[in-house]
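For reference, the chains in residue letters:
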Amino acid sequence: MSAAALAGHLASQVELQRKLLSLAHAEEEALRRGDLRALRTITAEQEGAVLDGARLERARADEALRLCEQLGLGPDASAAELAAALPGDEGDGLEQAAAELRALVAELLDLNRRNRSLIEQELGTIDHLVRGVILGQASRTDDARALPPAPPRLVDREA
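Just so you know, these numbers come straight off a predicted model, no measurement behind them.

### Topic: the overall build of the protein
Turning to step 1, where the next piece is worked out: When its secondary structure is counted, the protein shows five helices and zero strands.
Turning to step 2, where the next piece is worked out: The buried share of the protein, reckoned over its 159 residues, is 30%.
Turning to step 3, where the next piece is worked out: Nonlocal contacts in the protein, meaning residues at least 24 apart in sequence, comprise 64% of its contacts between residues at least 6 apart.
Turning to step 4, where the next piece is worked out: Of the roughly 10,300 Å² of accessible surface on the protein, a fraction of 54% belongs to carbon and sulfur atoms.

### Side note on the nonpolar core
Turning to step 1, where the next piece is worked out: Leu6, Leu10, Leu67, Leu82 and Leu94 are the most contacted members of the largest nonpolar core, which totals 23 residues.
Turning to step 2, where the next piece is worked out: Mapped onto this core, the elements with two or more residues apiece are helix H1 (3-33), helix H2 (36-71), helix H3 (79-85) and helix H4 (94-141).
Turning to step 3, where the next piece is worked out: With eight residues, H1 is the largest single contributor of residues to this core.
Turning to step 4, where the next piece is worked out: By size, the runner-up hydrophobic cluster in this structure holds seven residues, among which are Leu23, Ala30, Leu31 and Leu118.

### Section: H1
Turning to step 1, where the next piece is worked out: For H1, spanning 31 residues, the distance from its first C-alpha to its last is 45 Å, which sits close to the expected 45 Å at 1.5 Å a residue.
Turning to step 2, where the next piece is worked out: Downstream of H1 by one or two residues, Gly34 has phi in the positive range, about 75°.

Reading the values: the criteria
- Residues numbered from 1 in each chain as written.
- Predicted model: local features only at pLDDT ≥ 70, side-chain atom pairs only at ≥ 80, totals over all residues.
- Heavy atoms only, no water.
- Helix = DSSP H or I, 4+ residues; strand = E, 2+ residues; numbered from the N terminus.
- Buried < 20%, exposed > 50% of the residue type's maximum accessible area, 1.4 Å probe, protein only.
- Contact = heavy atoms within 4.5 Å.
- Areas by Shrake-Rupley, 256 points an atom, 1.4 Å probe, with all protein chains shown as cover.
- Core = buried A, V, L, I, M, F, W, Y, C linked by side-chain atoms within 4.5 Å.
- Expected span 1.5 Å × (residues − 1).

Functional significance is not addressed by these values, which are geometric in nature.
What follows is the structure, given as structure tokens:
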């Protein structure tokens, strides 16, 4: 049976989510400090971790599917169902690892929402300042028609 392999994949995913959570906390601090150099480094690390996460998720899903087939369970069986279907103590830890993974993902999503809000606030401030400079220049020339169209929002360009 591949319960040990599945447990190994879940453990790897838990460790990766912990790493992503740590990076998201570092990102939050860098955003609060306005440290662009740190943000670039953190973003590069996050990109690599996300790519690793996709690979780990595929491997875990494949292993879970094989285990479901071996146990005669449907392909969408939960970790609890898998653990219950395994003989003896082979399933110990599967449900706990899956629950820990879900909790880490939920925490990471919440932190990413906060970081997104910090980024949007910063971009709003920049947009306000840029518009103030442009409007200030136009009022000094007394020619409002010389005002260039509003620049695209930085968020739109990044997206």
